[in-house]
Structures are given as structure tokens and as C-alpha cells.
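Summary of the model geometry
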Amino acid sequence: MKLDDFKITNTPKLDRLLVRCLELLLKKRRERPEYWGLVAACVLDTDNRAIFGVNHITKSGTRKHAERVAIERYEEKYGPVPAGSIIITTLSPCSAPMSERWGDSCTSVINDTSVGKVYCGYEDPTQSDNPNYLHKQFHTKTTRNKQIRALCKQIADSFLDN
């Protein structure tokens with residue numbers, strides 16, 4: 001890996017992708033609010049291919065988180081996510097145990113890829129002191145766009161434990 005694999009640049013482009021995540025999330029929620037969750041994510045690779053995913057309920061009744069969905073969809077279409085790619089998500093990756101989540105935490109799922117950077121709409125304050133999150137293998141940056149951050153926070157506050 002190179003230092004550039006962890007460096008987050010071109011935030012205007014990433015903010016546009018965050019807005020697309022939010023638009024997709026809101027569209028899905030309007031269609032089937034009982035099925036779709038409240039987090040959306042995108043894998044953007046080094047060839048500028050973007051694959052999106054939204055948190056949803058599985059057949060077993062657990063929730064498959066958006067980062068996992070986006071990574072799985074990317075891998076189905078293109079193969080392993082290449083180094084230098086970035087995950088864009090409306091909420092920073094989860095790291096704590098959750099009984100309602102399908103599979104490992106998003107932090108663990110991302111750590112299992114070669115992704116070194118995550119760009120967030122809002123950083124989940126309930127995750128920041130979790131040991132798994134403190135030992136993540138990727139760099140996280142939150143948008144500086146106040147409107148995007150406020151909308152992501154508003155959505156996250158509707159379900160986060162305070």
C-alpha cells in the first residue's frame with residue numbers, strides 16, 4: 001500500500017457522491033420504509049466506478065448494513081475492491097456488537113478489503129471510543145459541507161443511541 005491509498009482528496013466529488021447516497025436512501029425509504037434502513041454507502045474505485053448500497057432487512061430478519069451491501073455488490077460486478085478505492089457512507093462504519101446486524105461490523109468488513117479510506121456524512125459518536133473502531137485499518141474523514149453533514153446527522157439521530 002502507498003500513502004495515497006489513505007489520503008482523502010477531491011471532497012467536492014465525494015460530496016456529490018454523498019448526495020447521491022442520500023437521494024438513493026430517501027427514494028428507497030419512500031418505496032418500502034419497512035425494508036430499507038437509514039444508511040447508504042458507495043464504493044468508488046480508482047477507475048471512478050461507483051457501486052451503491054443501502055442498509056436493508058435480510059430474510060432472517062437481521063439488518064445487512066450499507067457498507068457491506070456496497071462492497072458485496074462491487075465484488076459481484078468487478079471482483080475484489082482495489083487498493084486506492086474509497087467507501088463513501090452517510091454514517092461512519094459501525095464497530096460495536098449489534099444483535100440486529102447481519103454479519104461482522106462494517107469496520108471489520110472494510111478491514112478485510114484493501115480499502116484505506118472512508119468518507120462520511122456524519123461520524124457516529126457512539127462508535128468513536130469502541131476498541132474495534134480505534135484499531136481500524138482505514139482513514140476516516142467527515143464532510144465539511146454543513147448541509148450534507150446536517151442531513152446525515154438528522155437521519156442518524158433518528159436511530160442512534162444517545
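Fair warning: this is a prediction, and the values are worked out from it, not measured in the lab.

Points about the sheet that holds strand β2 (residues 50-57)
Strands sit in the order β3-β2-β1-β4-β5-β6 across an open sheet of six strands; the sheet is mixed. Both outer strands of the open sheet, β3 (63-64) and β6 (139-142), are each paired with one neighbouring strand and no more. In terms of strand pairing, strand β1 (residues 36-44) meets β2 through six bridges, oriented antiparallel. Across the sheet, the residue bridging to Ala-41 is Gly-53, located in β2. Against the sheet, helix α1 (residues 11-31) engages β1, β2, β4 (86-89), β5 (117-120) and β6, with an angle of about 145 degrees to β1.

A short note on helix α2 (residues 66-78)
Given a rise of 1.5 Å per residue, 13 residues ought to cover 18 Å, and the 18 Å separating the end C-alpha atoms of α2 matches this to within 8%. Listed in full, the buried residues belonging to α2 are Ala-66, Glu-67, Arg-68, Val-69, Ala-70, Ile-71 and Tyr-74. Those residues of α2 hidden inside the fold are in contact with β1, β2, β3, β4 and α3 (106-111). Gly-79 sits one or two positions beyond α2 and adopts a positive phi of about 100 degrees.

Considering the environment of Leu-44
Residue placement: Leu-44 occurs in strand β1. Relative accessible area serves as the criterion here: at 8%, Leu-44 is assigned to the buried category. Taking C-alpha positions, Leu-44 is 9.1 Å from Tyr-74, a pair spaced 30 residues apart along the chain. Sequence-distant contacts of Leu-44, defined by excluding residues within four places in its chain, comprise Lys-13, Leu-14, Leu-17, Arg-49, Ala-50, Ser-85, Ile-86 and Ile-88.

Regarding the packing of aromatic side chains
Within the structure shown, the criterion is met by two aromatic pairs. For the pair Tyr-35 and Trp-36, a centre-to-centre distance of 4.7 Å together with 85 degrees between the ring planes defines the contact as edge-to-face. Residue placement shows Lys-64 over the ring face of Trp-102; its charged tip is 4.5 Å from the ring centre.

Topic: the pattern of salt bridges
As enumerated under the stated definition, the model contains seven salt bridges in all. Between Glu-34 and Arg-32 there is a salt bridge whose closest N-O contact spans 3.5 Å. Owing to a relative accessible area of 53%, Glu-34 belongs among the exposed residues under this scheme. Taking the shortest distance from any N to any O, the salt bridge between Glu-72 and Lys-64 comes out at 2.9 Å. Taken together, the shared-partner salt bridges in this structure form one network comprising Asp-45, Asp-47 and Arg-49.

What counts, and where the lines are drawn
Residues numbered from 1 in each chain as written. Predicted model: local features only at pLDDT ≥ 70, side-chain atom pairs only at ≥ 80, totals over all residues. Heavy atoms only, no water. Pairing = 2+ DSSP bridges. Helix = DSSP H or I, 4+ residues; strand = E, 2+ residues; numbered from the N terminus. Contact = heavy atoms within 4.5 Å. Axes fitted to C-alpha atoms, helices over the stretch in contact; angles between N-to-C directions. Expected span 1.5 Å × (residues − 1). Buried < 20%, exposed > 50% of the residue type's maximum accessible area, 1.4 Å probe, protein only. Phe/Tyr/Trp six-rings, centres within 6.5 Å; stacked < 30°, edge-to-face > 60°. Lys NZ or Arg CZ within 6 Å of the ring centre and 35° of its normal. Salt bridge = Lys/Arg side-chain N within 4 Å of Asp/Glu carboxyl O.

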